[in-house]
Amino acid sequence: MVVAPETVDGGKGSVELRDDGVVHLRWLSGISIEVEDAKAAMAKVNEVCQGVPHPMLVDMAAVASVSREARGIWSIPCDASRIALLGRSPVDRVLANFFLGVHVPPCPTRFFNSRSEATDWLNAVR
Amino acid sequence: MNPVEGSEDPRLEHLVDGIVRLAAGELDARIEPSERGDAIDAVITGVNLLAEELGHIYTELEERVAARTAMLRRTQVELEHMAKTDALTGLANRTLLNERIQEAIRTGTESGGAPAVLVLDLDSFKAINDTLGHSAGDAVLIEVSRRLRSVVRASDTVARLGGDEFAALITGAGADEVMLIAHRVWEALQESIDIGTETVWTTASIGICLRDGGYSAEEMMRDADIAMYQAKAQGRNKVQLFHPDMLNAVQERSRITAELRTAAESGQLALLYQPVIELASGKVTGVEALIRWHHPVHGTIMPDNFISIAEETGLILELGRWVLHEGIAQLGRWKQQAPQLTDFRLHINLSAAELLRSDLVGDVTGTLTRNEIEPSRLVLEITESVLMSRRTVEQQVLEKLRAVGVGLQIDDFGTGYSSISYLRDLPADTVKVDRSLINNLETDSRQQKFVAAILQLISAAELEAIVEGIETAGQAASLQAMGCLYGQGYYYGRPVPAAEILARISHSEPQM
């Protein structure tokens, strides 16, 4: 069953529950993520998962910045069972690791710059 | 450009500037990354994030320090409040009252109006505590403090000094207003207090210190206290204004106390002896030992002026011991000088406190033995109130004294709370009728009948009567006609030194 990606309130990203059971959160390139955006994204993830935990791939896609409060939102448990943060640039890596280092994620979370490695890690424990 | 110098990329210059601003404490400084998202942007982003975290930690730390400081300040205020407040009533305590008095004295000096201090002591609080328990006592104290607060002005301070003692500081009030407030306080305590199902009354004795400036807080408290004790001494439930004479009296008492402490060992005490006469024959049957204090400065001081102080301070035990030893030793000397006087007796006054002296019986018998005196030749005079109280300890001591053969005599009969029915059971041999009962004996026929009835009553209780204060031949004749056996008084002889007694005995006729 293919479900079309749903736009996160605020329009800075989209969420899709893929056929392989992976929830895919995709941020638009160059945006700044604020606390409202993070909350909206989490609400959308919970909405598509409908209470069933799924692995989640977060496509950072060269996000410009993530506010401290927004990073804090992802410390709240949601329907994601594990999270792979996928970025390309060194900036993505810094942002992702700052999140991992400063906050305590509610589920296993790692940064990848390879999509296939990220997908493999997400699928490894299913 | 040489890449080593790094000057080809302006972002590095911005980065250095940004770090310098951050290092200077400007924690909200941020460095704008480019859209390239390369390693330099990653360093810029990292620095920005670190600065943000640092700023957050700083803010959080400052908030915590502020919260902790506020908490410490609150705790300090609470502690100060506790240290200066009476926990039970919430009133000021002695420390706070003292501070307020000092402050009032300072401002009073500037404005020309001296403060006034009231000290109150509840009159019957101990009885409430003893009979209804401490929680009832606490409830009374709380109600008393509520009433006190309700009758003073908002600017005045009411304090609990401890126990059942309270105080109030009245500031900026004239003498009339202070007296008015004191009477309002007095009035507020006239009404009963309901404690559960019980109703109690707790009036107060109130002392006021209202003096012109120039006195310390301590002096004001002391003077209000002295006035309060005066109010108590006058029968309680009274308001008494302090007067400087009262302080002199207190100082006089403490001087007497200090001097009395060393009077015996420095040889200032002496015994005089007043004859006890058998009325029918005029024969001297014994003597009553009477203490005198020959003060090096003030001359001879009569017992009325120091016995009550000795009783209050406990010195009476030492005095009593000295009188006992000295009196019996003298009786021993008389016995050696006039062995034919086999029934000559020595009367010694014993105070209520001495009956509680644990070694009294042993001391009496030991002293008699040492001086080879038969116990029957010693008569101990005890006031009727002691005998009437019938407390176990005193009762046992009296019985032991009687058992060894010492005579017991009720002193000052007719001045206390004599009970006719008790008279029969009293552990005594003789009763001394107080001098006040024979005052108008010669002129007042009703008084004659009254004294005759008392003497008959004593006789009916199988006790022997002795009347003191006989000053005239008429009194002596009347009493003899009424059947009174023994007498004492100036008519028969004033108290004299021991050396004169034997001559008095040999002169068998009454002195005219």
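Not measured: the values here are computed from a predicted model.

1. A closer look at the overall build of chain A
Thinking step 1. Scanning chain A for helices and strands turns up four helices and eight strands.
Thinking step 2. Going residue by residue from the N terminus, the α and β elements of chain A occur as β-β-β-β-α-β-β-α-β-α-β-α.
Thinking step 3. By the burial criterion, 39% of the 126 residues in chain A qualify as buried.
Thinking step 4. Long-range pairs, those at least 24 residues apart, make up 77% of the contacts in chain A with a sequence separation of at least 6.

2. Some thoughts on the sheet that holds strand E2 (residues 13-17) of chain A
All names here are of chain A.
Thinking step 1. What the six strands build is an open sheet, ordered E1-E2-E3-E5-E7-E8; its pairing is mixed. Each of the sheet's edge strands pairs with one partner strand only, and the pair in question is strand E1 (6-7) and strand E8 (109-112).
Thinking step 2. Strand direction decides the pairing type here: strand E5 (residues 54-59) and strand E7 (residues 80-86), joined by six bridges, are parallel. Bridge assignment links Leu-57 to a residue of E7, and that residue is Ala-84.
Thinking step 3. Most of the contacts of helix H1 (residues 35-49) go to E2, to which it runs at about 15°, and overall it touches E1, E2, strand E3 (23-27), E5 and E7.
Thinking step 4. Helix H4 (residues 115-124) contacts E5, E7 and E8 of the sheet and is inclined by roughly 170° relative to E7.

3. Remarks on the confidence of the model for chain B
Thinking step 1. The pLDDT averaged across chain B works out to 89; a share of 95% of its residues lies at or above 70.
Thinking step 2. Interface confidence for the predicted complex, given as ipTM, is 0.84, next to a pTM of 0.55.

4. Section: the nonpolar core
Residues and elements named next belong to chain B.
Thinking step 1. Ala-289, Leu-346, Ile-348, Leu-378, Leu-380, Ala-465 and Val-467 are the most contacted members of the largest nonpolar core, which totals 62 residues.
Thinking step 2. Ignoring sequence-local partners within four residues, the contact set of Leu-346 consists of Gly-286, Val-287, Ala-289, Gly-327, Ile-328, Leu-331, Arg-377, Leu-378 and Val-379.
Thinking step 3. Residues Leu-118, Val-140, Ile-170 and Ile-226 belong to the second largest nonpolar core, which totals 45 residues.

5. Structural notes on the pairing of strand E11 (residues 345-350) of chain B
Residue and element names in this part refer to chain B.
Thinking step 1. For E11, the tally of buried residues reaches five of six residues, placing the bulk of the element in the interior.
Thinking step 2. Two strands pair when backbone bridges link them, and strand E9 (residues 283-295) and E11 are joined in this way by three bridges, in the parallel orientation. Within E11, the residue paired with Val-287 across the bridge is Leu-346.
Thinking step 3. Two strands pair when backbone bridges link them, and E11 and strand E12 (residues 378-383) are joined in this way by five bridges, in the parallel orientation. Within E12, the position partnered with Leu-346 by the bridge is Leu-378.
Thinking step 4. You can see the chain leave E11, run along helix H11 (residues 360-370) and come back into E12, and the turn it takes is right-handed.

6. Remarks on the sheet that holds strand E1 (residues 116-122) of chain B
All names here are of chain B.
Thinking step 1. Strand order in the open sheet formed by five strands is E2-E3-E1-E6-E7, with mixed pairing between adjacent strands. The sheet terminates laterally at strand E2 (157-162) and strand E7 (239-241), the two strands that pair on one side only. Averaged over all adjacent pairs, the angle separating strand axes in this sheet is 20°, with direction ignored.
Thinking step 2. As paired strands, E2 and strand E3 (residues 165-170) are joined by five bridges and run antiparallel to one another. Bridging from a neighbouring strand, Val-158 pairs with Ala-168 of E3.
Thinking step 3. In the packing of helix H6 (residues 175-188) onto the sheet, contacts are made with E1, E3, strand E6 (204-210) and E7, and the angle to E6 comes to roughly 165°.

7. Considering the environment of Leu317(B)
All names here are of chain B.
Thinking step 1. Inspection of the secondary structure assignment puts Leu-317 in helix H10 (residues 316-337).
Thinking step 2. A C-alpha to C-alpha distance of 9.7 Å links Leu-317 and Leu-350, two positions 33 residues apart in sequence.
Thinking step 3. Not counting residues up to four positions away in its chain, the partners in contact with Leu-317 are Ala-353, Glu-354 and Arg-357.

8. Some details on the interface of chain A and chain B
Thinking step 1. With eleven residues of chain A at the interface, the matching set in chain B holds 13 residues.
Thinking step 2. Broken down by class, the residue content of the side of chain A that touches chain B amounts to seven nonpolar, two polar and two charged.

9. With respect to the pairing of E2(A)
A regular strand carries its side chains on alternate faces of the sheet.
All names here are of chain A.
Thinking step 1. Side chains of E2 alternate between two faces, with Gly-13, Val-15 and Leu-17 buried and Ser-14 and Glu-16 left unburied.
Thinking step 2. Where E1 meets E2, two bridges bridge the pair, whose relative direction is antiparallel. Paired with Glu-6 across the two strands is Val-15, which belongs to E2.
Thinking step 3. Remark: five residues form the turn of the hairpin made by E1 and E2, two consecutive strands paired antiparallel; Gly-10 in that turn has positive phi of roughly 105°.
Thinking step 4. As paired elements, E2 and E3 share five bridges and run antiparallel to each other. Bridge assignment links Val-15 to a residue of E3, and that residue is Leu-25.
Thinking step 5. Hairpin connection between E2 and E3: a loop of five residues separates the two successive antiparallel strands, and Gly-21 in this loop has a positive phi of roughly 85°.

10. Some details on the packing of helix H5 (residues 134-151) of chain B against H6(B)
All names here are of chain B.
Thinking step 1. Between H5 and H6, whose axes approach to 9 Å, the crossing angle comes to 150°. The crossing of H5 and H6 is right-handed. Within the contact between the two elements, H5 uses Arg-147, Leu-148, Ser-150 and Val-151 and H6 uses Ile-181, Arg-184, Val-185 and Ala-188.
Thinking step 2. Of the residues contributing to the contact of H5 with H6, the split by class is five nonpolar, one polar and two charged.

Calculation notes
- Residues numbered from 1 in each chain as written.
- Chains lettered and ligands numbered in written order.
- Predicted model: local features only at pLDDT ≥ 70, side-chain atom pairs only at ≥ 80, totals over all residues.
- Helix = DSSP H or I, 4+ residues; strand = E, 2+ residues; numbered from the N terminus.
- Buried ≥ 20, exposed ≤ 12 C-beta atoms within 10 Å, placed from the backbone.
- Contact = placed C-beta atoms within 7 Å.
- Pairing = 2+ DSSP bridges.
- Axes fitted to C-alpha atoms, helices over the stretch in contact; angles between N-to-C directions.
- pLDDT = per-residue confidence, 0-100.
- Core = buried A, V, L, I, M, F, W, Y, C linked by C-beta atoms within 7 Å.
- Right-handed = clockwise from strand over helix to strand, strands pointing away.
- Nonpolar A, V, L, I, M, F, W, Y, C, P; charged D, E, K, R; others polar.
- Left-handed = near helix turned anticlockwise from the far one by under 90°.

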